[in-house]
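Descriptive analysis of the structure
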Amino acid sequence: MSKVVKFGGSSLADAKQFQKVADIIKADPERHFVVVSAPGKRNDKDTKVTDMLYKTYALAEDDKNFSKELAAIEARYNEIIKGLKLKLSLKEEFEKIEENFKAKAGSDYAASRGEYLNGIIMSNYLGFEFVDPAEVILFDDDGSFDAEMTNRKVSKRLRGVENAVISGFYGAYENGKIKTFSRGGSDITGSIVARAIHADVYENWTDVSGFLVTDPRIIDKPAPIETITYTELRELAYMGASVLHEDAIFPVRKEGIPINIRNTNSPEDAGTWIVESTAKKSKYTITGIAGKKGFCCVNISKDMMNSEVGYVRRVLQAFEDQNISIEHVPSGIDTMTVFVAQEEFIDKEQAVVSEIHRLAKPDLLEIESDLALIAVVGRGMKRQRGTAARIFSALAHVSVNVRMIDQGSSELNIIIGVENRDFEKAIKAIYDIFVVTQL
């Protein structure tokens, strides 16, 4: 077997964490390929190295002196090197970084140096080969990730390599200019490497023991999720669950490679398995609950709407013309409702309203604000009668008014709209009926 293991920023925040990571890697001879993030926070008042790099580069971009800030970043790395008792100097690397900052190499270059330097340290510490992803992870001229070319390059580069450390989070354009993924993108790098080497497992090590049924900031010590499918994870990630970068699913999904979310600080915990499909039944009817506040909806009414060919398209055209993305569109015979992010919509609302009137000529149009959307997700729901009724009952019991309900055709998820003020209350009620009491 061959495993790819990715470690997040909290797992690599200082020398002590590096030692934990090394122990985990050495404990399993199948862990051949290691993907690293930049150092995270050492404590609640600390700053992530990536944020330090962004701040330092902003000074360089404004032609201000940034030597003090860059020296602070170098000190962070030197502290790790000293703690690991390595005979390693990053002096030349920091001179090169300073030179490139002055030349305004770009914020992506600046941000990527956190992972790059951590990769050098980790490869030295483990005695593994170092691979710079700028050589193998490619982006097109428009900034989109070239998955197939990258897969071929990574596969070729790692062929015959027994053990390697690969920096996460970034790659490069064809001309060599650095390009990063979005924040948390080291998860994607790990997935890319796992696909390229046809790994048996992709282990993603972080500071939590896998996924929880819902947000621990709302529910005290929520139940863990033992197994979740790629599709369920996508639904939950879209609505705010954030243990794993949602785009990290795609490369491994192509190969059917399972992801195992593990805790660096509790390596004995089994964590959560993310799989393509499974015969294992969920412990509960639902797999997870996630949600977000800050939505508004546009309610549109018109008699005989259902008989007008292209009516929905004309309404949605008004949002597209203003570059506003749509969240959900529940509809009836003579009504339809468009849910959008309030922050994105608020400054363009009157332009959208005017265009809807021009294109679709509704009888009535109303806007409602301060709404939240909650996703109840679970592969077990399709085998269980009355799931929606149980949700309604739970919410009615705590006097939460449901403003919208939308169920996907796969019966994998139910989306509920409530007022912002009822968001936490609604999640607690749903969690209670499906997990605590299991009525």
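Residues numbered from 1 in each chain as written. Predicted model: local features only at pLDDT ≥ 70, side-chain atom pairs only at ≥ 80, totals over all residues. Heavy atoms only, no water.

**Structural notes on the side chain of Asn299**
Applied cut-off: Numbering of helices and strands runs from the N terminus, with a helix taken as a DSSP run of H or I at least four residues long and a strand as a DSSP run of E at least two residues long. Pairs of N or O atoms are called polar contacts if they sit within 3.5 Å, as long as, within protein, a hydrogen donor faces a hydrogen acceptor (for residues adjacent in sequence, only side-chain-to-side-chain pairs). A contact between two residues is defined here by any heavy atoms of the two lying within 4.5 Å.
Residue position: Asn299 is located in strand S12 (residues 288-301). Separated by 2.9 Å, the side chains of Asn299 and Thr337 make a polar contact. At 2.7 Å, the side chain of Asn299 and the side chain of Glu368 are in polar contact. Contact partners of Asn299, with chain neighbours within four places excluded, come to Met336, Thr337, Leu364, Leu365, Glu366 and Glu368.

**Some words on the packing of aromatic side chains**
Note the following rule: Think of it this way: a Phe, Tyr or Trp ring, Trp meaning its six-membered ring, pairs with another when their centres are within 6.5 Å, and the plane angle makes it stacked under 30 degrees, edge-to-face over 60, tilted otherwise. We call a residue buried when its accessible area falls under 20% of the maximum for its residue type, exposed when it is over 50%, and partly exposed in between, using a 1.4 Å probe and counting protein chains only.
This structure, assessed with the given rule, holds ten aromatic pairs. With a centroid separation of 5.2 Å and an interplanar angle of 55°, the aromatic rings of Phe139 and Phe181 are classed as tilted. Here Phe181 lies in the loop between strand S7 (178-180) and helix H7 (186-196) and Phe139 lies in strand S4 (residues 138-139), a separation of 42 residues in the sequence. Pair check on accessibility: Phe139 and Phe181 agree, each one buried. By the ring-pair criterion, three or more aromatic residues cluster together here, those being Tyr57, Phe66, Phe101 and Tyr109.

**What about the sheet that holds strand S2 (residues 31-36)?**
Stated precisely, the cut-off is as follows: When DSSP locates at least two bridges between a pair of strands, those strands are taken to pair. Interaxial angle, 0 to 180 degrees, is taken between N-to-C directions of lines fitted to C-alpha atoms, where a helix line uses only the stretch in contact.
Judged by pairing direction, the sheet is mixed, and its eight strands sit side by side in the order S3-S5-S2-S1-S8-S10-S11-S9 without closing on themselves. Taken across any chain shown, the strands that pair with only one partner, and hence form the sheet edges, are strand S3 (129-131) and strand S9 (227-229). Neighbour-to-neighbour, the strand axes of the sheet open up by a mean angle of 25°, direction not taken into account. Both strand S8 (residues 201-206) and strand S10 (residues 259-263) contribute to a ladder of five bridges, which runs parallel. Opposite Glu203, over in S10, you have Asn260 as the bridge partner. Across the face of the sheet, helix H5 (residues 107-126) comes into contact with S2, S3 and strand S5 (164-167) while running at roughly 170° to S5.

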